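Single-letter residue listing:
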Amino acid sequence: MINKCLFPVAGYGTRFLPATKSMPKEMLPIVNKPLVQYGVEEAVEAGLTDIGFVTGRGKRPIVDHFDINYELEKEIEGSGKEALLRNVSNLIENNNFSFTRQVHMKGLGHAIHCGQNLMGDNPFAVVLADDLCIADEGDIGVLAQMVKIFDQFRCSIVAIQEVPDEDVHKYGIIAGDDLGNGLFRVHDMVEKPSQDNAPSNLAIIGRYILSPDIFAKIGHTSAGVNGEIQITDALLKQAKEGCVIAYKFRGKRFDCGSIDGFVEATNYVYENIYKKGKE
Ligand code: G1P
């Protein structure tokens, strides 16, 4: 059973300055809900009830978001506005939230390693809240799809998507044997390759399920691209020594780490979810 999910949220979000000068990028709203809450809802839908965050300086608003706000709740009692807090209140009451800090910014692999005490010796999911995933109508979310695949393979799983050749340098790129049904057994992966060095155009997006031996692998991974400890490099070790599965997920994904993707997501959620009263 997998029931843990880690959110690395220590990054600065410089692309959104000045908005992110004193506000975490994960708290930017897509319509009326912060990005990070979409991620947590996706995790909870997948049955993951132990939610851990690797935070950093300036990220207190995320911690506060997943706690009650006694004064506010008292203030709006009986006004009809309580409904707006219902979803987040349910998340808070029915799941466990824990927090630790990444003190030095040494990359995504390092951030995940900082979450070792929260995740323990268990398989766990990782969500990068910048990547907003919305399930197709009537379908389950990306993490819920991945949990099913994990149950089948019992090894690390990465979500992938085809990207245009000119975008491969933004992602971890995999190469693998096609097993059918959107599944690939990974034999190579490269973090942010140039177009010439990319082994394919299958890009990892911010959803992972990691088996706990990843911590030892990260511990033995030295800094890679951009001088950062890369999760992609640690995963390649798992792929070479054991097994890593890449999964072409169903559903929509928006790169909310970029202004264009953020605006696209906002328009999509407004038209297809908010206006239809699905929230
Ligand atoms: C990270 C990972 C990369 C992955 C991407 C998905 O990169 O290192 O492998 O493809 O997330 O969003 P970042 O976007 O943090 O530079």
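Source: prediction; values computed, not measured. (Residues numbered from 1 in each chain as written. Predicted model: local features only at pLDDT ≥ 70, side-chain atom pairs only at ≥ 80, totals over all residues. Heavy atoms only, no water.)

Enquirer: How should the overall build of the protein chain be read in this particular structure?
Expert: The number of helices and strands found in the protein chain is 10 helices and 13 strands. Each of the three principal axes of the protein chain carries a C-alpha extent, and together these read 60 × 40 × 35 Å. For the protein chain, with 279 residues in total, the buried portion stands at 49%. Put simply, 76% of the contacts in the protein chain that link residues at least 6 apart link residues at least 24 apart. Surface summary for the protein chain: the accessible area is close to 13,400 Å², and the carbon and sulfur share equals 48%. (Helix = DSSP H or I, 4+ residues; strand = E, 2+ residues; numbered from the N terminus. Buried < 20%, exposed > 50% of the residue type's maximum accessible area, 1.4 Å probe, protein only. Contact = heavy atoms within 4.5 Å. Areas by Shrake-Rupley, 256 points an atom, 1.4 Å probe, with all protein chains shown as cover.)

Enquirer: Sorry, what's going on with the environment of D165 here?
Expert: Among the secondary structure elements, D165 is positioned in the loop between β8 (156-162) and β9 (172-180). D165 sits 36 residues away from N201 along the chain, and the two C-alpha atoms are 6.2 Å apart. Ignoring anything within four residues of it in the chain, the contact list for D165 reads Q195 and N201.

Enquirer: Help me understand the pattern of salt bridges, please; the structure alone is not making it clear to me.
Expert: Any two side chains of opposite charge can pair, given that their charged atoms come close. With the rule as written, the count across this model stands at 16 salt bridges. Between R250 and D139 there is a salt bridge; the shortest N-O distance is 2.7 Å. Here R250 is found in the loop between β12 (244-248) and β13 (252-255), whereas its partner D139 is found in the loop between β7 (131-134) and α7 (142-153), with 111 residues between them in sequence. Here R250 falls in the partly exposed class, since its relative accessible area comes to 41%. Overall, the relative accessible area of 24% leaves D139 in the partly exposed class. Residues K192 and E191 are paired through a salt bridge, measuring 2.7 Å at the closest nitrogen-oxygen approach. A relative accessible area of 9% means that E191 is categorised as buried. (Salt bridge = Lys/Arg side-chain N within 4 Å of Asp/Glu carboxyl O.)

Enquirer: How should I be thinking about helix α10 (residues 259-274) in this particular structure?
Expert: What sets the pattern is the α-helix's 3.6 residues per turn: residues three or four places apart point alike. Among the residues of α10, G261, F262, A265, V269 and I273 are the ones counted as buried. On its buried side, α10 packs onto β2 (29-30), α1 (35-45), β7 and β13.

Enquirer: Sorry, what's going on with the site of the ligand here?
Expert: Near the ligand there are 13 residues, and of these D131, G172, E191, K192 and I204 occur at the shortest range. Between the ligand and K192 there is a distance of 2.7 Å, counted from an oxygen atom to a side-chain nitrogen or oxygen. In the model, an oxygen atom of the ligand is placed 3.3 Å from a nitrogen or oxygen of the T232 side chain. A total of 370 Å² of accessible area belongs to the ligand in isolation, and the protein chains cover 75% of it. Here the element with the most residues in the shell around the ligand is strand β11 (residues 202-210); it accounts for four residues. In the shell around the ligand, the residues fall into six nonpolar, four polar and three charged. (Near = heavy atom within 4 Å. Polar contact = N/O pair within 3.5 Å; in protein donor to acceptor, adjacent residues only side chain to side chain. Nonpolar A, V, L, I, M, F, W, Y, C, P; charged D, E, K, R; others polar.)

Enquirer: What's the story with the side chain of T20 in this structure? I'm lost.
Expert: You can see T20 is positioned in the loop between β1 (4-8) and β2. Using a relative accessible area of 7% as the deciding quantity, one classes T20 as buried. In this view, T20 contacts Y12, G13, K25 and L28; residues no more than four positions away in its chain are not counted.

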